[in-house]
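Examining the three-dimensional arrangement
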Amino acid sequence: MPNRFQINQHEIAYKFIAARDGEHCLNCGKKPPAVVLQIDHADNKPSNWEPENLHLLCRKHNLELRGKPKNEHIKLIRDYSTNNVRERARERGREGTGMVKE
């Protein structure tokens, strides 16, 4: 059974990633409650809690990536992240391009 520190670390990390990237699977875009999101460690090292190593994936895509070699896993996460940034920019508009209403 995990200790309280591990539980708190997980909760804090989840909230941080959700605020940074949005609360959805980085790969397919599905959101809770349609899917259960898990914290993915891009380098496949569960002990590495560096923010740039952490991403949210649905259970299906997290399991698919676990079997990949580290370099391929990181490349796929970067590709997913790039697509995610583009989608968010499309939804919100680019920073600094908003028009001011008179």
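Residues numbered from 1 in each chain as written. Predicted model: local features only at pLDDT ≥ 70, side-chain atom pairs only at ≥ 80, totals over all residues. Heavy atoms only, no water.

Quick look at the overall build of the chain
If you tally the helices and strands in the chain, you get 3 helices and 2 strands. Helices and strands in the chain line up, N terminus first, as α-β-β-α-α. Per-residue burial for the chain yields a buried fraction of 31% across its 102 residues. Relative to all contacts within the chain whose residues are 6 or more apart in sequence, the contacts with residues 24 or more apart total 53%. Summing over all exposed atoms, the chain offers an accessible surface of approximately 7,700 Å²; the carbon and sulfur share of this is 53%. (Helix = DSSP H or I, 4+ residues; strand = E, 2+ residues; numbered from the N terminus. Buried < 20%, exposed > 50% of the residue type's maximum accessible area, 1.4 Å probe, protein only. Contact = heavy atoms within 4.5 Å. Areas by Shrake-Rupley, 256 points an atom, 1.4 Å probe, with all protein chains shown as cover.)

Description of the side chain of N53
Secondary-structure assignment places N53 in the loop between β1 (37–41) and β2 (54–58). From its side chain, N53 meets the backbone nitrogen of D43 in a polar contact 2.9 Å long. Each residue touching N53, except ones within four places of it in the same chain, is listed here: D40, H41, A42, D43, K45 and N48. (Polar contact = N/O pair within 3.5 Å; in protein donor to acceptor, adjacent residues only side chain to side chain.)

Remarks on helix α2 (residues 59–66)
Residues H61, N62 and L65 constitute the buried set of α2. The arc that holds every buried residue of α2, seen down its axis, measures 105 degrees, which confines them to one face. Relative to its buried face, α2 has exposed residues pointing more than 90 degrees away, namely K60 and L63. (Arc of directions from axis to C-beta.)

A short note on the pairing of β1
In terms of burial, β1 is largely enclosed, as 5 of its 5 residues are buried. Going residue by residue along β1, you find L37, I39 and H41 tucked away on one face and Q38 and D40 tucked away on the opposite face as well. As defined by bridge partners, β1 adjoins β2 across 5 bridges and the pair is classed as antiparallel. Considered in β2, the bridge of Q38 is made with L57. (Pairing = 2+ DSSP bridges.)

Considerations on the pairing of β2
Regular strands place their side chains on alternate faces of the sheet. The buried fraction of β2 amounts to 5 of the 5 residues, a majority that puts the element mostly inside the structure. Burial along β2 is two-sided: the residues L54, L56 and C58 and H55 and L57 are all buried.

Section: the pattern of salt bridges
Under the counting rule described, the total for this entry stands at 3 salt bridges. A salt bridge links K68 to E72; the shortest N-O distance between them is 3.7 Å. On the basis of relative accessible area, E72 is assigned to the partly exposed category, the value being 37%. Across the pair K75 and D79 runs a salt bridge whose closest N-O atoms are separated by 2.9 Å. Placement of both K75 and D79 in helix α3 (residues 70–92) is noted, with a separation of 4 residues, approximately one turn of the helix. Residue classification places D79 among the partly exposed positions, given a relative accessible area of 32%. (Salt bridge = Lys/Arg side-chain N within 4 Å of Asp/Glu carboxyl O.)

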